[in-house]
Amino acid sequence: MPDRHILILAAGKGTRMRSSRPKVLHELAGLTLIEHVIRASIPLDATTTTVILGHQGPRVSQVLTNNPSISCRIVHQEQQLGTAHALLQAEPVLGNKSGTLIVLSGDAPLISSPTLSALVETHEQSTAAASVLSSVIERPYGYGRVLRDKRGQLIGVVEEADASAVQRKICEVNSGIYTFDLPPLFQTLKEIPEAGPKNERYLPAILQMYGQRKLPINVTTTDDPHEIRGINSQSELAEVRTIVRQRKNEELMASGVTIEDPATTYIDTDVTVEADTVIHPGVFLEGRTRVGARCEIHSGARIINSTLSDDVTINNHSVIADSVIKAKARVGPFAHIRPGSTVGESSRVGNFVELKKTALGTGAKANHLSYIGDAVIGSNSNIGAGTITCNYDGVNKHQTTIGPEVFVGSGTELVAPVTIGRGAYIGAGSCITENVPANALALARGRQVIKEARATKIRKNPE
Ligand code: UD1
Ligand code: CA
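Description of the structure in this document. Please read all numbers here as calculations on a predicted model, not as lab measurements.

**A look at the overall build of the protein chain**
When helices and strands are counted, the protein chain shows 10 helices and 37 strands. Expressed as lengths along the three principal axes of its C-alpha atoms, the size of the protein chain is roughly 105 × 50 × 40 Å. When each of the 463 residues of the protein chain is scored for burial, the buried share is 49%. For the protein chain, restricting intrachain contacts to residue pairs at least 6 apart in sequence, the fraction spanning at least 24 positions comes to 41%.

**What to know about the layout of surface pockets**
If you add up the space inside the largest pocket, you get close to 1,700 Å³. Lining the largest pocket are 49 residues, and of these Arg 16, Lys 23, Asp 107, Gly 142 and Asn 232 sit closest to its centre. Listing elements by their share of the lining of the largest pocket, those giving two or more residues are strand S1 (4-10), helix H3 (83-88), strand S10 (172-181) and helix H9 (234-254). For the lining of the largest pocket, the element with the highest residue contribution is S10, accounting for four residues. Grouping the constituent residues of the lining of the largest pocket by class yields 18 nonpolar, 18 polar and 13 charged.

**Details of the coordination of the calcium ion (ligand 2)**
Each protein donor to the calcium ion (ligand 2) is listed here as Asp 107 (OD) and Asn 232 (OD1); together their distances run 2.2 to 2.6 Å. Here Asn 232 lies in the loop between strand S11 (217-222) and H9 and Asp 107 lies in the loop between strand S6 (100-105) and helix H5 (113-125), a separation of 125 residues in the sequence. Relative accessible area serves as the criterion here: at 14%, Asp 107 is assigned to the buried category.

**Topic: the site of ligand 1**
Around ligand 1, the structure places 23 residues, and the nearest of them are Gln 77, Gly 82, Thr 83, Glu 159 and Asn 174. Contact between ligand 1 and Gly 82: an oxygen atom at 2.8 Å from a main-chain N or O atom of the residue. At 3.0 Å from an oxygen atom of ligand 1 is found a side-chain nitrogen or oxygen belonging to Asp 107. Taken by itself ligand 1 offers 750 Å² of open surface, and the protein chains cover 90% of this.

**Considering the side chain of Asn 174**
Along the polypeptide, Asn 174 turns up in strand S10. Side chain to side chain, Asn 174 and Tyr 178 meet in a polar contact 3.0 Å long.

**A word on the pattern of salt bridges**
This structure, assessed with the given rule, holds 19 salt bridges. Note that Glu 239 and Arg 139 form a salt bridge whose closest N and O atoms lie 3.4 Å from each other. Of this pair, Glu 239 sits in helix H9 while Arg 139 sits in the loop between strand S7 (130-136) and strand S8 (145-148), and the two are 100 residues apart along the sequence. The partly exposed category is assigned to Glu 239, whose relative accessible area is 26%. In this structure Arg 139 comes out as exposed when scored by relative accessible area, which is 57%.

**Regarding unusual backbone geometry**
That bond from Gly 332 to Pro 333 is cis: its omega, 5°, falls within 30 degrees of zero. As for its placement among the helices and strands, Pro 333 is situated in the loop between strand S24 (330-331) and strand S25 (336-337). Note that the residue after Ala 416, namely Pro 417, is joined by a cis bond; omega there is 5°. With a phi angle near 50°, Asn 199 is a residue other than glycine that sits in the positive phi range. Mapping Asn 199 onto the fold places it in the loop between helix H7 (182-189) and helix H8 (205-212). Since its relative accessible area comes to 46%, Asn 199 is described here as partly exposed.

**Let's talk about the nonpolar core**
The biggest cluster of nonpolar side chains holds 45 residues, and the ones touching the most others in it are Leu 285 and Ile 420. At the level of elements, strand S27 (348-360), strand S28 (365-377) and strand S34 (418-420) are the ones that each hand at least two residues to this core. What Leu 285 contacts, discounting residues up to four positions off in sequence, is Tyr 266, Ile 267, Asp 268, Val 271, Val 273, Ile 279, Val 291, Ile 297 and Ile 303. One finds Leu 7, Ala 84, Ala 86 and Leu 207 within the second-largest nonpolar core, a separate group that totals 32 residues.

**Considering a nonpolar patch on the surface**
A cluster of nonpolar side chains, contributed by Phe 407, Tyr 425, Leu 441 and Leu 443, occupies part of the molecular surface with about 440 Å² of accessible area. Within the secondary structure layout, Tyr 425 lies in strand S35 (residues 425-426).

**Structural notes on the pairing of strand S4 (residues 48-53)**
With six of six residues buried, S4 is to be regarded as a mostly interior element. Going residue by residue along S4, you find Thr 48, Thr 50 and Ile 52 tucked away on one face and Thr 49, Val 51 and Leu 53 tucked away on the opposite face as well. Sheet analysis places S1 next to S4, joined by six bridges and oriented parallel. Residue pairing for S4: His 5 is matched across the bridge by Thr 48.

**A word on the packing of aromatic side chains**
Evaluated as defined, the whole model comprises four aromatic pairs. Lying over the aromatic face of Tyr 266, Arg 245 brings its terminal NZ or CZ to 4.0 Å of the ring centre.

**Overview of H5**
Along its 13 residues, H5 runs 18 Å from first to last C-alpha, staying within 8% of the 18 Å computed at 1.5 Å per residue. Taken as a whole, H5 has its buried residues at Ser 113, Thr 115, Leu 116, Ser 117, Leu 119, Val 120 and His 123. Each element contacted by the buried residues of H5 is listed here: S1, helix H1 (33-41), S6, S7, S10 and S11.

**With respect to the packing of H7 against H8**
Where H7 contacts H8, the two axes come as close as 11 Å, and the packing angle between them is 110°. Taken together, the axis directions place H7 and H8 in an arrangement best described as roughly perpendicular. Counted together, Pro 184, Leu 185, Thr 188 and Leu 189 of H7 and Ile 206, Met 209 and Tyr 210 of H8 form the full contact between these two elements. Here the residues of the contact of H7 with H8 are counted per class, giving six nonpolar, one polar and no charged.

What counts and how
- Residues numbered from 1 in each chain as written.
- Chains lettered and ligands numbered in written order.
- Predicted model: local features only at pLDDT ≥ 70, side-chain atom pairs only at ≥ 80, totals over all residues.
- Heavy atoms only, no water.
- Helix = DSSP H or I, 4+ residues; strand = E, 2+ residues; numbered from the N terminus.
- Buried < 20%, exposed > 50% of the residue type's maximum accessible area, 1.4 Å probe, protein only.
- Contact = heavy atoms within 4.5 Å.
- 1 Å grid on protein atoms, 1.4 Å probe; cavity = no way out; pocket = protein on both sides within 12 Å on 5 of 7 lines; lining within 4 Å.
- Points joined across faces, edges and corners; volume = space filled by probe spheres on them.
- Nonpolar A, V, L, I, M, F, W, Y, C, P; charged D, E, K, R; others polar.
- Donors = N, O, S within 2.8 Å, 3.2 Å for Na, K, Ca; no water.
- Near = heavy atom within 4 Å.
- Polar contact = N/O pair within 3.5 Å; in protein donor to acceptor, adjacent residues only side chain to side chain.
- Areas by Shrake-Rupley, 256 points an atom, 1.4 Å probe, with all protein chains shown as cover.
- Salt bridge = Lys/Arg side-chain N within 4 Å of Asp/Glu carboxyl O.
- Core = buried A, V, L, I, M, F, W, Y, C linked by side-chain atoms within 4.5 Å.
- Patch = residues over 30% accessible without salt bridge, like charges linked within 9 Å, V, L, I, M, F, W, Y side chains within 5 Å.
- Pairing = 2+ DSSP bridges.
- Phe/Tyr/Trp six-rings, centres within 6.5 Å; stacked < 30°, edge-to-face > 60°.
- Lys NZ or Arg CZ within 6 Å of the ring centre and 35° of its normal.
- Expected span 1.5 Å × (residues − 1).
- Axes fitted to C-alpha atoms, helices over the stretch in contact; angles between N-to-C directions.
- Parallel < 35°, antiparallel > 145°, perpendicular 65-115°, else oblique.

Spelled out as structure tokens, the structure:
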């Protein structure tokens, strides 16, 4: 098999997005557009992957280098003078290579690995010097149209801006995805003339030139009109987002997940959910979230980069980030589980409870109105309503350690650093500033004073 090399065009500004963010860094279901494209290319098993960057190149290259699953080489295109000019910038790194070059567009994130494999395999098995992926779509506006002669042979591609009224009616479009034999690619690229309203060098022009030189060209047409979709505007991004979301929801439902209302369920590409979990309307599962089997996630929940074991219940409007919720635990409604927290097996976090970097032990409970930060809470302990860990002294954060089987009365302040021993009791309303030994009772509050009939007196004589 000849060597395969991949090249991704991603230097353009994306003017039509009207955004300060480089186009290929717009986010789609938890990944940037360019990450989707690179992912789809991984099964091709290429020897090298080159990304052409230009507009805000360093910002894009930082995202790529920060992703450990991506290994690519960056080539800069100083001025964006067109897709052919962009590809030509790779000559110093690919000019002396042989084999096939697969060219992808950084703004076409729906391309699938099987379609790419089909394009490349057909190319490799044929005598073609170039292969292009096309698709027949209902709304071809904005795409380069595929021009064919009477025998159906491709004779070129005409861009929207340069097309005649008749050509604009053609519904077969260029995907911007190609496979080329490496030689004679770069030599021909140099000969592509400037064209169009912006005097750009168009990569699709190479097809016409190959045709004129009698170099064979293949066209592979995909049946899925979505796969080739390029994103040029915010509105196209939203349309593609809807497609990606529907596909993810379909995939999960096919594997036994109940999604009550797919239209309002937002699940990122990398999220996994096991069978018999029920997801109510208006739920967001983001990033690398993993959800076990038989969980129930109620409306308004947003779960980011977190792991839920089996049989977990997340009640309405809870936000959970970078945390672990163990089996049979129940969280919310209106709970906020902040990064670095673990909610233990069968434990319970109730309404208006915030956890941060806190491990709640097996069977422990914090049912109402609490802030628990930088704490470890032992198994089966009960944290009363309105408990607050005072973990911050204005400069540093301090730890609160509560053993198993502890009862913390309502309205307690735990001034960290502080340790409460196993089985201790804390009286309601205490402000605990010192460690409490195991099985002790701690009371730290003012004594109550009673003045008989004083209320009556005040009412009669307010002064
Ligand atoms: C391009 C094709 C069009 C095809 C469509 C599919 C050309 C001239 N037209 O049009 O036939 O139907 O894609 O989506 O190729 N880029 C660079 N450097 C440049 C210019 C562009 O790297 O100088 C990159 C862009 O970042 C983008 C890709 O090339 O990722 C395509 O460029 P874009 O301007 O979006 O081309 P389209 O007008 O969509
Ligand atoms: Ca485009």
